[in-house]
Amino acid sequence: MKSRFFNYKVALLLVAIASLLASCQQRKFHIDGTITNATDSVLYFENMALDGIVTIDSVILKADGKFSFSGDANDAPEFYRLRIDRQIINLSVDSTETISVKAEYPQMSMRYDVEGSDNCKKIRELSLLQYELQARINSVVADPSLGVESSRDSIMSLIDAHKHRVTIDYIYREPMKAYAYFALFQYVSVGDAYMMIFDPRRSPDDVKTFAAVATNWDANYPDALRTQNLHNIAIESMRDKRIVDRRKDGLVIDADKFEEVNLIDIELTDNKGNLRRLTDLKGKVVLLDFHQFGKEGSAERIMLLRDIYNKYHERGFEIFQVAVGTEEHFWKTQTAALPWISVRDANGAASNAYLAPAPAIPCSYLIDRNNIVVRGARQMNDIEKEVLSVLN
């Protein structure tokens, strides 16, 4: 009897060990595939870390071109690449995916397919668009009929058209995704100089684009180093822009006086004629609500918000409601009796970074007392429950 009990305990222990091992294995990601025409070439598997490129593993390819790499899964998206000499395939890994790559050397940067990751497929599309842009820039640089100024204008026109497409079709479509982050850091070469396609130091619109991704990564991956990196880039660029603007007006401002927040500010006039800024509400829990008055379900949503506002306003809760696509007189009539902040964005331009990734209007974002967006539009299924979780 004792022997049978002992065997039973041993069996339980073995099951526990097996479960533990299985659990550990589930925290791995795998990248495999084939690269043809690359016999005896060294294939490197590298991590594109924030502080530099780190080689994780390498393999000398045989005639069949097969390879397999693995690594520890992360809690947030991370970026890797496969490299033979200067030919590179960029990849992202969200967690414990198995990603398969089929490529052809020596043009594997452009001739490859990837399965197992929608992010990696989008990164492939972005890479091909980058190569296409680079080819067009090279043609402009090589054109002897163009002077320096004409060449520069043509190149900037190509870059601006590329940025518009990537912003709408990729970055603002899903700014919380790895491929949106990847798009922000693509670059091209112009002659002997390298140039970031999205450069928040040069363009106010690019500041907004960085901030849009930063806002969504803050909501989804608040503890990730890449989130903090995005946050710092956006804030530093906003700060630099304000300093430049003030200096143009003859004023000098201490950069340290700027508050570092992760949300994109909205500055609009309210229904009483007062200029209201979203960031002025720091210290309160804020529901940033985008609304279209007169739309089906509008009245019911206003009643819901009024109930939540009445319950929690005295505890430091505020609503910053932005009317979009609503005629001015009608908006003023509809909001005259509302107790919260009501502003109007006639064409959505001031709030584009929030509206682009939103599933539909109406939609809301929840901001904590430190001006940090803690819930995105896609996470606000139960507004009152989310408000309470931040107030408590």
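Criteria and cut-off values
- Residues numbered from 1 in each chain as written.
- Predicted model: local features only at pLDDT ≥ 70, side-chain atom pairs only at ≥ 80, totals over all residues.
- Heavy atoms only, no water.
- Helix = DSSP H or I, 4+ residues; strand = E, 2+ residues; numbered from the N terminus.
- Buried < 20%, exposed > 50% of the residue type's maximum accessible area, 1.4 Å probe, protein only.
- Contact = heavy atoms within 4.5 Å.
- Areas by Shrake-Rupley, 256 points an atom, 1.4 Å probe, with all protein chains shown as cover.
- Expected span 1.5 Å × (residues − 1).
- Arc of directions from axis to C-beta.
- Pairing = 2+ DSSP bridges.
- pLDDT = per-residue confidence, 0-100.
- Axes fitted to C-alpha atoms, helices over the stretch in contact; angles between N-to-C directions.
- Core = buried A, V, L, I, M, F, W, Y, C linked by side-chain atoms within 4.5 Å.
- Polar contact = N/O pair within 3.5 Å; in protein donor to acceptor, adjacent residues only side chain to side chain.

Novice: Provide a residue-level description of the overall build of the protein, including the pertinent values.
Specialist: Scanning the protein from terminus to terminus reveals 10 helices and 17 strands. Considering the protein as a whole, with its 392 residues, one finds that 45% of them fall into the buried category. For the protein, the share of sequence-separated contacts (at least 6 apart) that also reach a separation of at least 24 residues comes to 60%. Carbon and sulfur atoms make up 50% of the accessible area of the protein, which totals about 21000 Å².

Novice: Give me helix H7 (residues 298-312): which residues, what numbers.
Specialist: Helix length check: H7, at 15 residues, gives a terminal C-alpha distance of 21 Å against a target of 21 Å (1.5 Å per residue), a fit within 8%. If you check which residues of H7 are buried, you get Ser298, Arg301, Ile302, Leu305, Ile308, Tyr309 and Tyr312. Projected down its long axis, H7 carries its buried residues within an arc of 130 degrees, all on one side. Relative to its buried face, H7 has exposed residues pointing more than 90 degrees away, namely Glu300, Met303 and Asn310. For H7, the secondary structure elements touched by its buried residues are strand S13 (285-291), strand S14 (317-324), strand S16 (363-367) and helix H10 (383-391).

Novice: Which residues make up the pairing of strand S3 (residues 52-60), and what values do they have?
Specialist: Sheet topology places strand S2 (residues 42-49) next to S3; 8 bridges connect them, and they run antiparallel. In the strand pairing of S3, Met48 is matched with Ile53.

Novice: Describe in detail the confidence of the model for the protein, supporting the description with residues and values.
Specialist: In this model, the protein carries an average pLDDT of 85, and 85% of its residues clear a pLDDT of 70 or more. Contacts from residues 19-24, a stretch scored under 50 in pLDDT, to residues over four places away or in other chains number 0 contacts. pLDDT under 50 marks residues 242-261. Its contacts with residues more than four places away, or in other chains, come to 20 contacts.

Novice: Explain the sheet that holds strand S6 (residues 87-93) residue by residue, including any values.
Specialist: Here 4 strands make up an open sheet; going across it, the order is S3-S2-S5-S6 and the pairing antiparallel. Two strands lie at the open edges of the sheet, namely S3 and S6, each paired on one side alone. Pairwise comparison of adjacent strand axes, ignoring direction, gives a mean angle of 25 degrees for this sheet. Sheet topology places S2 next to strand S5 (residues 78-84); 4 bridges connect them, and they run antiparallel. Looking across to S5, one finds that Glu46 is bridged to Arg81. Its contacts with the sheet place helix H2 (residues 118-142) against S5 and S6, and it is angled at close to 145 degrees to S6.

Novice: Explain the nonpolar core residue by residue, including any values.
Specialist: Core analysis: the biggest nonpolar cluster contains 55 residues, and Ile266, Leu278, Leu288, Phe290, Phe320, Val322 and Tyr354 have the highest contact counts within it. In this structure, Phe29, Ala38, Leu43 and Leu61 belong to the second largest nonpolar core, which totals 23 residues.

Novice: For H2, give the residues involved together with the corresponding values.
Specialist: Given a rise of 1.5 Å per residue, 25 residues ought to cover 36 Å, and the 36 Å separating the end C-alpha atoms of H2 matches this to within 8%. Where H2 is concerned, the buried positions are Asn119, Cys120, Ile123, Leu126, Ser127, Leu129, Gln130, Leu133, Gln134, Ile137 and Val140. For H2, the N-terminal capping position is held by Ser117, with its side-chain oxygen 3.4 Å away from the main-chain nitrogen of Asn119.

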